[in-house]
Amino acid sequence: MDAGLLQGFANALSPVNVGWALLGSLVGTLIGVLPGLGPASALSILLPVTLHLPPDAALIMMMAIYHGAQYGGSTTAILINVPGEASSVATCLDGYPLARQGRGASALAIVAIGSFVAATASIALLGWIAPPLANLSLLFGPPEYFALLLASLVALAGFSGPSPVRGALAALLGLLLTTVGLDPLDGIPRFTFGSMNLMTGFDIVPVLIGLFGVGEVLRSMESDLKAVFVGRLARWFPMPSRAELAASAAPITRGSVIGFVLGLLPGMGSSVTTWIAYDVERRVSRTPERFGHGEIAGVASPEAANNATAISGMIPLMAFGIPTVPALAIMLAALQIYGLQPGPLLFEQHAAFTWTVIAAMFVGNAICLVLNLPLVGLWARIASVPYRLLGPLILIVALVAAYGARNSLFDVWVVIAFGLLGYLLRKIGWPPAPLILGLVLGPMFESSLRQSLAMSGGSLAIFAQRPLSAGLLAVGAVAIAGAAWFAHRRRARRAPPDAPDWA
Amino acid sequence: MPEDRARRVDLALATGFALLGVLVLLEARRVREAVADSGLVEELDPADFVALLGWALLAVTAVFAIAALRRSREADGAPPIEPLSRRPLVPLASMLGFAALLPWAGFTLATFAFLAAVLALDSRYRPAVALAAAGAITALLHGLFVVALGVPFPVLGRFGI
């Protein structure tokens, strides 16, 4: 690992790659500060743009966009009470009151430092855990892969929103979309209706742009943002006091641990883990009554959890090719576009490239810390620009980027169609995440199921006879039971409408 | 009553999913004929997988429909349905216009037309301001995508060289 990581740092720190990371951090933060647009939207809109770069530069830039968008969401949550994305909603609760008390600079600095610490520790753990875990996937045959994919999809459908049934329908829709085109094993056309464009199926890039980019922008354009930047920041480079740092150390640690551990599980996106971290912090606090009125721990812990979750999700992605959240599904799509298949071969055949990407996470994270603290005032003002101005610009970039990925006009129509679908899903409160995960995992899901049954002569008993697949299916069953139990409890308690939801 | 409206929406969705499930099963039947014609023999062929998804869709839709009939949307834990707004209609129509214009008017003109339409139809901008902003942003995007990134667009379409 050490030699690989050192080589990775040597590549990631080359002036050209640092330049791409810098650009990615800026653009990612720029999109992240816009209400509703989080890492998934930022990555989906910018993925086609990065396709014009060499592979290492493209993935370095994607990583920086990912980090930048994470940072961006919290900045506006604190300064103007507008969460850039669902995972920053918890930050608003204490961040905005802190800003109103004139402690906005301190809150931003704590967020930046906490995020940096959480992300750095998580990246180190990623580099340590992912390679041996990837070797574990050598034990996986088609039945084990099918069981893993089924368990992941079930967990995602169950926990990605307040209603498991809606999540299941969205996941099934995603799986169905992958059957459009020639089937992956025999080349039999399905759902093509005689169209040549449909023969190759839906390209993942325009679908992602439509669902996450265009869909969210259309909804955001409905309301004109009237956000107010509360006063000036006292210092151009915000720094917390020693007392604030001391008060935040334990919450940052707890938030990092919660975010990292839960982030390994499918469906546990940042918007879920940040609320759990916030709740834990309030419960362990000696002054729980101060939460919601400007408690620095209420900002430090969720933001640490947010960044730790974002990184720990990379472990199942790199080891097994299982994305736990939509943003990572887009990262998986990017890896596949460059012919990189996650798993043990990623660390063996593409070791230099993989360690460069991991090192680029460190670099992107550090750039975000150094760059974003002095720029917080600028980001807050950008977030206050009305959507009627920003929206058309983002939409045209999305359309043009979709066209540019394959020079295909059909993809532009796909963006519009899926944009409309994404918009409608948001309006009726359905989670788009299971749909996109179904779409990303669908081909592997079908192949592994068909190969498993070919191995067993059509007997489903193969999944129960092999210990690993049986264990994974048991995990899936527990996930179903857990989701049903949580849904039942929620019904019993009549959860408030602002309960965590992630898009 | 918002609750009645939400229930109607959920039932309409259930109907839509049920119809989709039937369509999927019909397609599975068609694919099965294609598989038979090709002489493929598999434990789970391309048609079976589609049929499996179709039946799963119908089963989950049934659970969804029963839940929609039995209890309120709020009790089911789902967030409230947001009322539809007219505002996204202009950008949506402009995007469709962009897609229609792109092959023959080219990237630059289609982009300008899209931006001018969205900004000018927003009544808060004077037409001159909207056109000027559309022109400036188009120039910026032309510089980024055509000049810097070299995306092979039909730059000026049939009007160009």
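Residues numbered from 1 in each chain as written. Chains lettered and ligands numbered in written order. Predicted model: local features only at pLDDT ≥ 70, side-chain atom pairs only at ≥ 80, totals over all residues. Heavy atoms only, no water.

Would you mind showing me how to read the side chain of D10 of chain B here?
In this fold, D10 of chain B is placed in helix α1 (residues 2–38). Engagement of the side chain of D10 of chain B in a polar contact is seen with the side chain of R166 of chain A, the distance being 2.8 Å. (Helix = DSSP H or I, 4+ residues; strand = E, 2+ residues; numbered from the N terminus. Polar contact = N/O pair within 3.5 Å; in protein donor to acceptor, adjacent residues only side chain to side chain.)

Quick question: what am I supposed to make of the interface of chain A and chain B here?
Listed by partner, the interface residues are 61 residues for chain A and 69 residues for chain B. Here chain A packs against chain B, burying approximately 6000 Å² in sum over the two surfaces, 76% of which is carbon and sulfur. Summed over the shared surface of chain A and chain B, the number is one salt bridge. D10 of chain B is the partner of R166 of chain A in a salt bridge, and the nearest nitrogen-oxygen pair spans 2.8 Å. The interface formed by chain A and chain B contains five residue pairs in polar contact (both at pLDDT 80 or more). Residue assignment for the side of chain A that touches chain B shows that the elements contributing at least two residues are α8 (164–177), β2 (189–190), α10 (204–222), α18 (387–406), α19 (409–427) and α20 (433–456) of chain A. A class-by-class count of the residues in the side of chain A that touches chain B yields 38 nonpolar, nine polar and 14 charged. (Contact = heavy atoms within 4.5 Å. Buried area = accessible area lost by both parts, 1.4 Å probe. Salt bridge = Lys/Arg side-chain N within 4 Å of Asp/Glu carboxyl O. Nonpolar A, V, L, I, M, F, W, Y, C, P; charged D, E, K, R; others polar.)

Would you mind showing me how to read the confidence of the model for chain A here?
As a note on interpretation, predicted positions should not be read in detail where pLDDT is low. Residues and elements named next belong to chain A. Confidence in the prediction of chain A, expressed as mean pLDDT, is 82, and 91% of residues score 70 or more. No element of chain A has a lower mean pLDDT than helix α16 (residues 344–348), which averages 76, and none a higher one than β2, which averages 92. Low pLDDT, under 50, characterises residues 495–503; the stretch is placed with 22 contacts to residues that sit more than four places away or in other chains. (pLDDT = per-residue confidence, 0-100.)

Can you help me understand helix α6 (residues 104–136) of chain A in this one?
Every α-helix winds through 3.6 residues per turn, so residues three or four apart in the chain are directed the same way. For α6 of chain A, spanning 33 residues, the distance from its first C-alpha to its last is 46 Å, which sits close to the expected 48 Å at 1.5 Å a residue. Of all the bends in α6 of chain A, the largest measures some 30° and sits at A130 of chain A, one to four residues before the proline P131 of chain A. (Expected span 1.5 Å × (residues − 1). Bend = angle between axes of the 7 residues up to and from the residue.)

Please explain the nonpolar core as it appears in this structure.
Note on soluble globular proteins: their nonpolar side chains tend to be buried together. Counting residues in hydrophobic clusters, the biggest one holds 182 residues, and the most contacted among them are L126 of chain A together with M95, F98 and F145 of chain B. Listed in part, the six residues of the second largest apolar core include I258, M268, V272 and A305 of chain A. (Core = buried A, V, L, I, M, F, W, Y, C linked by side-chain atoms within 4.5 Å. Buried < 20%, exposed > 50% of the residue type's maximum accessible area, 1.4 Å probe, protein only.)

Any chance you could explain the environment of A77 of chain A here in plain terms?
Take A77 of chain A: it is sitting in helix α4 (residues 55–80). The buried category is assigned to A77 of chain A, whose relative accessible area is 0%.

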